[in-house]
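# Fold and contact review
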Amino acid sequence: MDLVSLVERIGEAPTAALFGLITGITFGVAAQRSRFCLRAATVEFARGRMEDKVAVWLLTFSTALVWVQAAQLMGLMNGADARMMAVPGSWSGAIIGGLMFGAGMVLARGCSGRLLVLAATGNLRSVVSGLIFAVVAQMSLSGLLSPLRDKLAALWITEGGRNMNLLTTFGLPEYGGLVLGLICAVFALVLARRHRIGAARLVFASGVGFAVALGWVLTYALSQVAFEPVQIESATFTGPSAHTLMFFLDRNAVLEFDVGLVPGVFIGAMIAAALAGEMKIQAFDGPVTMRKAMIGAALMGFGGMLAGGCAIGAGVTGGSIFVGTAWAALFFMWVGAMATDFLIDQRATSARVA
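Here we summarise the structure given alongside this text. All figures in this text were calculated on a predicted structure; none of them were measured in a lab.

Along the chain, M84 falls in helix α5 (residues 83-86). Judged by relative accessible area, M84 falls into the partly exposed class, the value being 24%. Those residues in contact with M84 that lie beyond four places of it in its chain are N163, G313, G318, I321 and V323.

Right under this line is the structure:
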């Protein structure tokens, strides 16, 4: 069945939700099996190591660049039409929000995407943190915290009415992004070989990057045949978590890509964990861990909305089309995470040893 026939049969909004579901299931399976996690990579790097966690994150990021840039060169998508590129970006939001999100994911022991994947395997800590994250994200989008978010985001915005395309800004050719992705992928594979990461885990790490490209391609294809404007988007979890929460709370909410994405990730991760025998109920270790997780989830909810995306949405999805503020947000997520690990986790470990 071609896309036009599918849209005519079930409608544009259900088709968008179906594409979100497909993207989410792909992401959920790949993320669960590869154990992809930005928080784990930043902590490993902060402690002076570049081992399996850094290698997996770098391979995911680089393959997202390769898949997405190749799709763009083939005419299967156009990053310039994506909303995050077509509207002004916030440098102040990327900096402040990135720092907050980075700190939050260390305290919560996982970024928003990782929490969703862990929740699907029976991790109750991630369920609680994920719900707090979604509520605070919704408050930051259109609730009590939205005026503060708007004020901080307006401090420093990109010029020209659009976000910055880094490839264009630095005068790189159209294939420059693909070349950069391939170089990073080679470096990631060298790290992977050095630390003896299995082929299956590497394939699934690449699968996370493929899921990002899949979302871009599917929503772009839908935008070409839909009568109503369709937002070109891909995997991200700050806005979608808030939208999915409201979909189940508001009877007037409508289907969209986001509403399919979040359940899709949960379903995909649950299936992958069940097949691997990794379903396990886990709870908080104690009140201190619980407090840190709750604070971290709140920081991620506000920080992710302020930064224009989470570790996946800005760090991989936005990064894959070279959105300027997305790369800035990713950089400051690393900074915030490393600083928090040094100031809190490493000091706590040192204190216990002493």
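Having put the structure on the table, let's press on.
Here the focus is helix α9 (residues 146-153). In an α-helix there are 3.6 residues to a turn, and that puts residues three or four apart on one side. Of all the positions in α9, only S146, R149, L152 and A153 are classed as buried. For α9, the buried positions fall inside an angular range of 130 degrees around the axis, keeping them on one side. Exposed residues pointing more than 90 degrees away from the buried face of α9 are listed as P147 and K151.

Right, let's talk about the packing of aromatic side chains for a bit. According to the stated counting rule, one finds ten aromatic pairs in the structure shown. Pairing W57 with F61 gives two aromatic rings, centres 5.2 Å apart and planes at 10 degrees, and the pair type is stacked. Placement of the pair is W57 and F61 together in helix α4 (residues 52-73), with a separation of four residues, close to one helical turn. Each member of the pair, W57 together with F61, is buried. With centroids separated by 6.1 Å and ring planes inclined at 45 degrees, the aromatic side chains of W91 and W156 adopt a geometry described as tilted. With a gap of 65 residues between them, W91 in helix α6 (residues 91-107) and W156 in the loop between α9 and α10 (166-169) connect regions that are remote in the sequence. Grouping aromatic residues by their ring pairs yields a cluster made of F45, W57, F61, F322, W327 and W334.

So, about the pattern of salt bridges. Applying the stated criterion across every chain yields a total of seven salt bridges. Of the charged contacts, one joins R49 and E51 as a salt bridge, the two residues approaching to 3.6 Å between their closest N and O atoms. The class of E51 is partly exposed, set by a relative accessible area of 28%. Between D52 and R201 there is a salt bridge, with the nearest N and O atoms lying 3.0 Å from each other. Here the residue D52 occupies a position in helix α4, and R201 occupies one in helix α12 (residues 199-225), the gap between them amounting to 149 residues. For R201, a relative accessible area of 12% translates into the label buried. One network of salt bridges, with partners in common, ties together D52, K53 and R201.

About the thresholds
Residues numbered from 1 in each chain as written. Predicted model: local features only at pLDDT ≥ 70, side-chain atom pairs only at ≥ 80, totals over all residues. Heavy atoms only, no water. Helix = DSSP H or I, 4+ residues; strand = E, 2+ residues; numbered from the N terminus. Buried < 20%, exposed > 50% of the residue type's maximum accessible area, 1.4 Å probe, protein only. Contact = heavy atoms within 4.5 Å. Arc of directions from axis to C-beta. Phe/Tyr/Trp six-rings, centres within 6.5 Å; stacked < 30°, edge-to-face > 60°. Salt bridge = Lys/Arg side-chain N within 4 Å of Asp/Glu carboxyl O.

All we've got here are geometric facts, nothing functional implied.
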